[in-house]
Amino acid sequence: MAYTPKPATPATVSANQEAVGRYAMDDRQDFTDNTRGFIAPLPGKILGGDGHVVFDPANYDYLSDDAPAPDTVEPSLWRQSQLISKSGLYKVVDGVFQVRNNDIANLTVIEGDTGLVVIDCTASVEAATQGMAMIREHVSDKPVAAVIYTHTHVDHYGGVKGVVSAEDVAAGRVPIIAPGTIASFDAHAIGENVIAGNAMSRRAGYAFGSLLDLSPTGCVTCGIGIATSPGVTVSYISPTDPITETGAKRDLAGLEFEFLYAPDTEAPEEMHIWIPQLGALTCAENANHSLHNIQTLRGARTRDARNFARYLDETLQRWGDDVQVHYGPHTWPVWENGQVTAFLESQRDTYKYIHDQALRLANKGYTPLEAAEEIELPAELGRKWFNRGYHGTLHHDVRAVFHKELGLWDGDPVSLHPHPPVETAQRFVDLIGADQIMAEGRRAIEAADYRWAAQILHTLVFAQPDNQAARDLQADAYEQMGYQAEGPQWRGIFLTAARELREGVLPAAFVTASEDSILAMPVDILFDFAAVHLIGDQAADADLRIDFAFTDLDQSWTMRVRRGVLNARRGTSPDPQLTVTGPKAALVAALLKPSSAGQLAQAGKIRLDGDDSALQTLAGLYDEFDPDFAMVTP
């Protein structure tokens, strides 16, 4: 039976109507800018290899420019979603083209005299393939001269094999330019999405609304991009040309590209790019038509808000007098020098304000949550549409500054060693009583105090996860919180929580640890990935010594499991119990699925020398990760 969300309550309708007064709704410049340079619409649906629909732009037709915000969508988010829904191929300026909104990220193509330079490749091979076909049809059939990754996130490299072949890169015909050393870029790009990939994918399913229907009562858009698409092909090719210092230049397809190295900002490795002949600048995701995350809700390393501001200011110093257009890997460009510099200055000051005011209140003894409830942006910053919280939010960015600078403890002794959530919940239910908690939850919902209703009912749901009446009541609270949320990730989390409370856990729509990503992992990270599968207490008495000889890499690694820890290093052991020999692709399978080693050996894909029971022992010590683990219940 189809899932049917509940409508907005009168309190939510009123809250969303009142929200209109906080915004500059008469400022419609974005609606002009995001259609500027339009060349062609998307040719239609994107299909996966098996014929399933990956993306259909028609699903967003209800987001027309003149459609008023429905009662179930916060008006600022509705406006941003109307803008994001505009898709197709666009000319930014002479020589700069973008395919926008067939994916969460843009495909940017620079046309030089002798070829095309592709800046960021979208999240999937399918989206990138469609985008490049549009470039070929409407812009140029010149060869791809280079690919540039602006940073280490999957939506900027995942479509690379829809742009260029691994063979052309390996042969040196097409360089891939990226920030940081190659080893560092690989480690952050692959490690972030794989080592903690199962947890990240589950959290991302909530945050990006991928478990919800596309509708005014479900996922509207992702705010910074149209959507994350299910069942896509995520690819990876390692960079070949690293940028490790500001001022580095490359001549590509007859154009000069100058780079500003900006690590530890929106990504661990990131860079800004200046093309002087075109007056064109991108600050990657350090400047967007949205406030960005200092700490992502999907899960990633906490960022440095001060560095956002620092590198944006350095960019203004270097190129602010000359820039004529700023284009980004998300949303639409900003044109004309005065507008671009005002945009970058405002974004710079927004991140600096969040950083400085969070630490001002920290130094006055505020906890992260207290500071987040207190801090508001000045009107000159907060009323700019591009500083609104369509990806990060002011509230969780303030808390992230505390986490970055002060760590996990909020300064309140009671939070240092509390009881775990289930035990705490059971104690509260024993103290207060289930009936009284239900009564208080109903009273709070009737009073439109949805935050408190969700909080008090959480105790009952965690103490009695099979109590469907409590789950349904908490779902009602989360649902209205979602309808009132300006931030699409907050909306996605609250509405997905409501749905799973009512219906149970929904199957994952995507995973970040794709086969291509796993096979592309540097060997040291491959062993790290294996290590997080080890069940430490069960492995405490194990003593395994296994060597791996990677024939295609001409590398040998020795792995030791002892004291509940898996360690690996280059070289060989003087007394291995087993040596596994073969190409990397086969050794990946043997390491991550040790129980398959016998079949691989029988098929001639690997050779086992020694006691092959060592791999069977290892298999028995590995944990399995459920991609659909519970989020709203224990």
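Higher on the page you've got the structure.
In this text the structure is predicted, and so the values were computed from the model without any measurement. (Residues numbered from 1 in each chain as written. Predicted model: local features only at pLDDT ≥ 70, side-chain atom pairs only at ≥ 80, totals over all residues. Heavy atoms only, no water.)

## Some remarks on the overall build of the protein chain
Note the following rule: Helix and strand labels come from DSSP, where a helix needs a run of H or I of at least four residues and a strand needs a run of E of at least two; each type is numbered from the N terminus. Atoms counted for the radius of gyration: C-alpha only. Globule rule: 2.2 Å times the number of residues to the power 0.38. Note on classification: 1.4 Å probe, protein chains only; a residue is buried when its accessible area is under 20% of the maximum for its type, exposed when over 50%, partly exposed between these limits. What sets the accessible areas is the Shrake-Rupley method with a 1.4 Å probe; for residues, cover comes only from the shown protein chains. The charge count treats Lys and Arg as positive and Asp and Glu as negative. His and the chain ends do not count. In plain terms, the charge of a residue is placed at NZ if it is Lys, CZ if Arg, CG if Asp and CD if Glu.
Counting its secondary structure elements, the protein chain contains 23 helices and 21 strands. For 634 residues, the compact-globule estimate of 2.2 N^0.38 gives 26 Å, and the protein chain sits close to it at 26 Å. If you line up the protein chain on its principal axes, its C-alpha atoms span 70 × 70 × 55 Å. Across the 634 residues of the protein chain, 56% fall into the buried class. Accessible surface computed for the protein chain: about 25,700 Å², of which carbon and sulfur atoms make up 50%. The centroid of the 50 positive side-chain charges in the protein chain is displaced by 2 Å from the centroid of its 85 negative side-chain charges.

## Digging into the sheet that holds strand β15 (residues 325–326)
So the rule is basically this: In this description, strands pair whenever DSSP reports at least two bridges between them. The contact rule is simple, with two residues in contact once any of their heavy atoms fall within 4.5 Å. Orientation is described by lines fitted to C-alpha atoms, with helices fitted over the stretch in contact, and by angles between N-to-C directions that extend from 0 to 180 degrees.
Across the sheet, which stays open at both edges, the six strands sit in the order β11-β12-β13-β14-β15-β16 with mixed pairing between neighbours. Edge positions in the sheet fall to β11 (249–252) and β16 (334–335), since each of these pairs with one other strand and no more. Sheet strands touched by helix α9 (residues 305–319): β12 (255–261), β13 (271–275) and β14 (280–282). Its angle to β12, the strand with the most contacts, is close to 145°.

## Things to note about the packing of aromatic side chains
Rules: Put simply, two rings from Phe, Tyr or Trp (the six-membered ring, in Trp's case) pair if the centres are within 6.5 Å, and we call them stacked under 30 degrees between planes, edge-to-face over 60, tilted for the rest.
Counted by the stated rule, this structure contains 15 aromatic pairs. Between the aromatic rings of tyrosine 62 and tryptophan 78, the centroid separation amounts to 6.0 Å while the plane-to-plane angle is 40°, which identifies the pairing as tilted. You can see tyrosine 62 sitting in the loop between β3 (53–55) and α3 (75–84) and its partner tryptophan 78 sitting in helix α3, a full 16 residues away along the chain. We classify tyrosine 62 as partly exposed; its relative accessible area is 25%.

## Describing the pairing of β12
β12 sits mainly inside the fold: six of its seven residues count as buried. As defined by bridge partners, β11 adjoins β12 across four bridges and the pair is classed as antiparallel. Bridge pairing in β12 links aspartate 251 to glutamate 256. Bridge count for β12 against β13 is four bridges, and the pairing is antiparallel. Within β13, the position partnered with glutamate 258 by the bridge is tryptophan 274.

## Quick look at the sheet that holds strand β10 (residues 241–243)
Across the sheet, which stays open at both edges, the eight strands sit in the order β1-β4-β5-β6-β7-β8-β9-β10 with mixed pairing between neighbours. Every other strand in the sheet has two partners, leaving β1 (38–40) and β10 as the edge strands with one partner each. Averaged over all adjacent pairs, the angle separating strand axes in this sheet is 25°, with direction ignored. Packing against the sheet, helix α4 (residues 125–138) makes contact with β1, β4 (88–93), β5 (96–100), β6 (107–111), β7 (116–121) and β8 (144–148), and its axis sits at approximately 30° to β6.

## Notes on unusual backbone geometry
Note on backbone geometry: most residues besides glycine have negative phi, and most peptide bonds are trans. Unlike most non-glycine residues, aspartate 264 shows phi in positive territory, near 55°. For aspartate 264, the position within the fold is in the loop between β12 and β13. Of the residues examined, aspartate 264 reaches a relative accessible area of 29% and is grouped as partly exposed. Backbone geometry at arginine 563 places phi at a positive 55°, although glycine is not the residue there. Take arginine 563: it is sitting in the loop between β18 (555–562) and β19 (565–570).

## Comments concerning the state of the cysteines
Rule in force here: Here, two cysteine sulfur atoms that lie within 2.5 Å of each other are counted as a disulfide.
Applying the stated rule across the entire model yields zero disulfides. Left without a disulfide partner, cysteine 121 is nearest to the cysteine sulfur of cysteine 283, which lies 19 Å away.

## Observations concerning the pairing of β4
Taking burial as the measure, the six residues of β4 include five buried ones, the bulk of the element. Judged from the two bridges that link them, β1 and β4 form a sheet pairing that is antiparallel. Each bridged residue has a counterpart across the sheet, and for phenylalanine 38 the counterpart in β4 is tyrosine 90. With five bridges joining them, β4 and β5 adopt antiparallel strand pairing. Among the inter-strand pairings, tyrosine 90 is bridged to a residue of β5, identified as glutamine 98. As consecutive antiparallel partners, β4 and β5 are separated by two residues, and within that stretch glycine 95 has a phi angle of approximately 90°, a positive value.

## Thoughts on the packing of helix α16 (residues 450–463) against helix α17 (residues 468–484)
Inclusion rule: These descriptions rest on fixed angle ranges, namely under 35 degrees for roughly parallel, over 145 for roughly antiparallel, 65 to 115 for roughly perpendicular, and the rest for oblique. With the far helix as reference, a near helix turned anticlockwise by less than a right angle produces a left-handed crossing, and one turned clockwise produces a right-handed crossing. Note on residue classes: Ala, Val, Leu, Ile, Met, Phe, Trp, Tyr, Cys and Pro are nonpolar, Asp, Glu, Lys and Arg are charged, and everything else, Gly too, is polar.
Look at α16 against α17: their axes get within 9 Å of each other, and the N-to-C directions meet at 150°. Taken together, the axes of α16 and α17 are roughly antiparallel relative to one another. Crossing angle aside, the handedness with which α16 passes α17 is left-handed. Counting all contacts with α16, which are made through Tyr450, Arg451, Ala453, Ala454, Leu457, His458, Leu460 and Val461, the residues of α17 involved are Ala470, Arg471, Leu473, Gln474, Ala477, Tyr478, Gln480, Met481 and Gln484. Class assignment of the residues belonging to the contact of α16 with α17 gives a composition of eleven nonpolar, four polar and two charged.

## So, helix α20 (residues 523–531)
Every buried residue of α20 is listed here: Val523, Ile525, Leu526, Phe527, Phe529 and Ala530. Looking at the buried positions of α20, the neighbouring elements they touch are α7 (182–194), α19 (515–520), β17 (543–550), β18, β19 and α21 (584–592).

## Side note on the side chain of aspartate 241
The condition that has to hold: Whenever two N or O atoms come within 3.5 Å, that pair is a polar contact, provided that in protein one can donate a hydrogen and the other can accept it, and provided that, for residues adjacent in sequence, both atoms are side-chain atoms.
The topology assignment puts aspartate 241 in strand β10. Separated by 2.8 Å, the side chains of aspartate 241 and arginine 250 make a polar contact. Those residues in contact with aspartate 241 that sit more than four places away from it in its chain are Ile176, Ile177, Ala178 and Arg250.

## Considering the pattern of salt bridges
Defined as follows: A carboxyl oxygen of Asp or Glu within 4 Å of a side-chain nitrogen of Lys or Arg is what we treat as a salt bridge.
With the rule as written, the count across this model stands at 28 salt bridges. Aspartate 476 serves as the salt-bridge partner of arginine 502, at 2.8 Å between the closest nitrogen and oxygen. One end of the pair, arginine 502, is in helix α18 (residues 488–503); the other, aspartate 476, is in helix α17, with 26 residues separating them in the sequence. We classify aspartate 476 as buried; its relative accessible area is 16%. One salt bridge in this structure joins aspartate 543 and arginine 545, with 3.7 Å as the shortest N-O distance. For arginine 545, a relative accessible area of 18% gives the class buried. Members of the salt-bridge network, linked through shared partners, are Lys6, Asp476, Glu479 and Arg502.

## A closer look at the nonpolar core
Applied cut-off: Joining through side-chain atoms within 4.5 Å is the link that ties buried Ala, Val, Leu, Ile, Met, Phe, Trp, Tyr and Cys residues into a set, and such a set is a nonpolar core.
Of all hydrophobic cores here, the largest spans 83 residues; its most connected members are Val147, Tyr149 and Val163. Membership of the second largest hydrophobic core comes to 35 residues, among which are Ala372, Leu394, Ala400 and Val401.

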